Amino acid sequence: MRVGVAGLGRMGSAIAAHLIDVGHEVTVWNRTADKVKPLAAAGAKTAASPAELASAVEAIVTILTNREAIAAVYEGPSGLLAGNVKGKLVVDMSTVQPETEVALAEKVRAKGAAFVECPVGGTVGPARDGKLLGVAGGTKEDFARAQPLLAQMCRRVEHVGAVGAGSSMKLALNLPLMVYYQALGEAYVLCRHLGLDTKWLMEFLSDTSGAPNILKVRGPKIAAALAGGDVGPPAFDVDSIRKDLVTMVAEAKTRGATLPLAEKTLAIYDEAAKEGWGKRDGAWLPAYWPTKNPRTGEKR
Ligand SMILES: NC(=O)c1ccc[n+]([C@@H]2O[C@H](COP(=O)([O-])OP(=O)(O)OC[C@H]3O[C@@H](n4cnc5c(N)ncnc54)[C@H](OP(=O)(O)O)[C@@H]3O)[C@@H](O)[C@H]2O)c1
């Protein structure tokens, strides 16, 4: 299939590379042109604008930072929707509030295209391997049309309702993880003075009742961060985590609800960002609170 990927950030680049691997004819575009180069070297065609990309392909995939990025890429004289999109399939995988996807779906449908939102769980590695967890929103017909493509990008895709439902589910599934990083930092404050090897500690905690999957997947990176070692290049950084938390809190507000744990966690991560942690991988976050409580490291 001729597939276009607009937005070659960490996730978009990994997804585009995977779509090439599984045999699609992939066309790419990104605001910052440099990010196109590795994909072009891997065999992707390049488009000079989102509109040109939209006209060249049968299906369009986007994964962008936020609502403003979606507006910038879809709208305007060279935006995706200025291209020939009639009868085509559009899939947006960005993590945003449901209302953003509902508004986007209306604009896409007004141009005669089908629209499915499918935000994803999983980071760059799973995106590169086609092993994401997708939560899709759309009509039954549109989802059925998108399903084969989504199945190539995801190890599991669930159709959770109309457009907007996928975003609600995505925000819900990420919240415990965001709070967990802080909880783990606080847990470490209670046991750091024992001087146990952090690799062992992550492996041991992953075998306990309070452990989420993230400990199995990212435990070694978290252990490295706690020991002050090398965590490698950021896959999902602290600023992106803060963006997701801001989105969760805003979404709760529109539903007349509050999220006290998410709000408190966001305030702590905002503090971390002010201290220069924003571009670090999220695996560093459990190491932040211990730096605020240095005396707990003393042996008694
Ligand atoms: N990283 C993860 O592990 C992960 C996992 C699941 C979901 N997500 C979600 O996936 C989305 C992308 O995340 P990412 O980590 O790939 O982010 P990223 O590396 O920061 O990439 C963001 C992308 O959005 C583009 N963009 C931002 N503002 C724009 C604007 N005003 N106009 C045009 N393009 C704009 C960027 O273009 P430039 O290159 O020009 O800046 C880039 O292509 C986010 O919604 C995130 O929450 C991320």
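Residues numbered from 1 in each chain as written. Predicted model: local features only at pLDDT ≥ 70, side-chain atom pairs only at ≥ 80, totals over all residues. Heavy atoms only, no water.

J.: Describe in detail the overall build of the chain, supporting the description with residues and values.
T.: From N to C terminus, the chain includes 13 helices and nine strands. Taking 300 residues into account, the globule formula puts the C-alpha radius of gyration at 19 Å, and the chain, at 20 Å, falls close to it. Reported as C-alpha extents along the three principal axes, the dimensions of the chain are approximately 70 × 45 × 35 Å. Every one of the 300 residues in the chain was classed for burial, and the buried ones make up 50%. Carbon and sulfur atoms provide 55% of the accessible area of the chain, an area that totals close to 13,900 Å². Of the side chains in the chain, 36 bear a positive and 31 a negative charge, and the two mean positions are spaced by 1 Å. (Helix = DSSP H or I, 4+ residues; strand = E, 2+ residues; numbered from the N terminus. Rg over C-alpha atoms; globule rule 2.2 N^0.38 Å. Buried < 20%, exposed > 50% of the residue type's maximum accessible area, 1.4 Å probe, protein only. Areas by Shrake-Rupley, 256 points an atom, 1.4 Å probe, with all protein chains shown as cover. Lys, Arg positive; Asp, Glu negative; His and termini not counted. Charge placed at Lys NZ, Arg CZ, Asp CG, Glu CD.)

J.: Kindly report on the environment of Met153, identifying the contributing residues and their values.
T.: Relative to the helices and strands, Met153 is located in helix H7 (residues 140-153). Residues Met153 and Ala16, spaced 137 residues apart in sequence, show a C-alpha to C-alpha distance of 9.6 Å. Once residues lying within four places of it in the same chain are set aside, the contact partners of Met153 are Ile15, His18, Leu19, Val61, Met93, Gly130, Lys131 and Leu132. (Contact = heavy atoms within 4.5 Å.)

J.: Explain the side chain of Asp244 to me, using residue names and the numbers behind them.
T.: Examined against the element boundaries, Asp244 turns out to sit in helix H11 (residues 238-254). A residue is classified by how much of its surface remains accessible, and Asp244, at 2% relative accessible area, is buried. For Asp244, the residues in contact, after removing those within four places along its chain, are Thr95, Lys170, Leu171, Asn174, Met178 and Phe236.

J.: Please provide a residue-by-residue account of the layout of surface pockets, values included.
T.: Of the voids in this model, the second largest pocket is the one considered here, and its volume is about 180 Å³. Every residue along the wall of the second largest pocket is listed here: Asn66, Arg67, Glu68, Thr95, Val96, Gln97, Thr100, Lys243, Val246, Thr247 and Ala250. Among the secondary structure elements, those contributing two or more residues to the lining of the second largest pocket are helix H4 (67-74) and H11. By residue number, the principal contributor to the lining of the second largest pocket is H11, which donates four residues. Considering only residue class, the lining of the second largest pocket consists of three nonpolar, five polar and three charged. (1 Å grid on protein atoms, 1.4 Å probe; cavity = no way out; pocket = protein on both sides within 12 Å on 5 of 7 lines; lining within 4 Å. Points joined across faces, edges and corners; volume = space filled by probe spheres on them. Nonpolar A, V, L, I, M, F, W, Y, C, P; charged D, E, K, R; others polar.)

J.: For the nonpolar core, give the residues involved together with the corresponding values.
T.: Val28, Met93, Leu150 and Met153 are the most contacted members of the largest nonpolar core, which has 35 residues in total. At seven residues, the largest contribution of residues to this core is made by helix H1 (residues 10-21). Here Leu150 is in contact with Val91, Met93, Val116, Cys118, Ala136, Phe143 and Val157, once residues within four sequence places are set aside. (Core = buried A, V, L, I, M, F, W, Y, C linked by side-chain atoms within 4.5 Å.)

J.: Account for the site of the ligand, with residues named and values stated.
T.: Residues in close proximity to the ligand total 25 residues, the closest being Arg10, Asn30, Thr32, Lys35 and Thr123. Between an oxygen atom of the ligand and a side-chain N or O atom of Thr32, the distance comes to 2.4 Å. Alone, the ligand offers 890 Å² of accessible surface; in the complex the protein occludes 87% of this. Residue contributions to the shell around the ligand peak at three residues, all from H4. Partitioning the shell around the ligand into residue classes produces ten nonpolar, nine polar and six charged. (Near = heavy atom within 4 Å. Polar contact = N/O pair within 3.5 Å; in protein donor to acceptor, adjacent residues only side chain to side chain.)

J.: Explain the packing of helix H8 (residues 165-191) against H11 to me, using residue names and the numbers behind them.
T.: Across the interface, H8 lies against H11 with an axial gap of 10 Å and an inter-helix angle of 125°. Between H8 and H11, the angle falls in the class oblique. Like other packed secondary-structure pairs, H8 and H11 cross with a definite hand, here left-handed. Each of Lys170, Leu171, Asn174, Leu175, Met178 and Tyr181 in H8 lies in contact with H11, whose residues at this interface are Ile241, Asp244, Leu245, Thr247, Met248 and Glu251. (Axes fitted to C-alpha atoms, helices over the stretch in contact; angles between N-to-C directions. Parallel < 35°, antiparallel > 145°, perpendicular 65-115°, else oblique. Left-handed = near helix turned anticlockwise from the far one by under 90°.)

J.: Can you tell me about the packing of H4 against helix H5 (residues 98-110), naming the residues and giving the values?
T.: Packing of H4 against H5 brings their axes to within 11 Å, and their N-to-C directions diverge by 10°. Regarding the angle of H4 to H5, the classification is roughly parallel. Judged by residue contacts, Arg67, Ile70 and Tyr74 of H4 engage Glu99, Thr100, Leu104 and Val108 from H5. Residue classes in the contact of H4 with H5 are distributed as four nonpolar, one polar and two charged.

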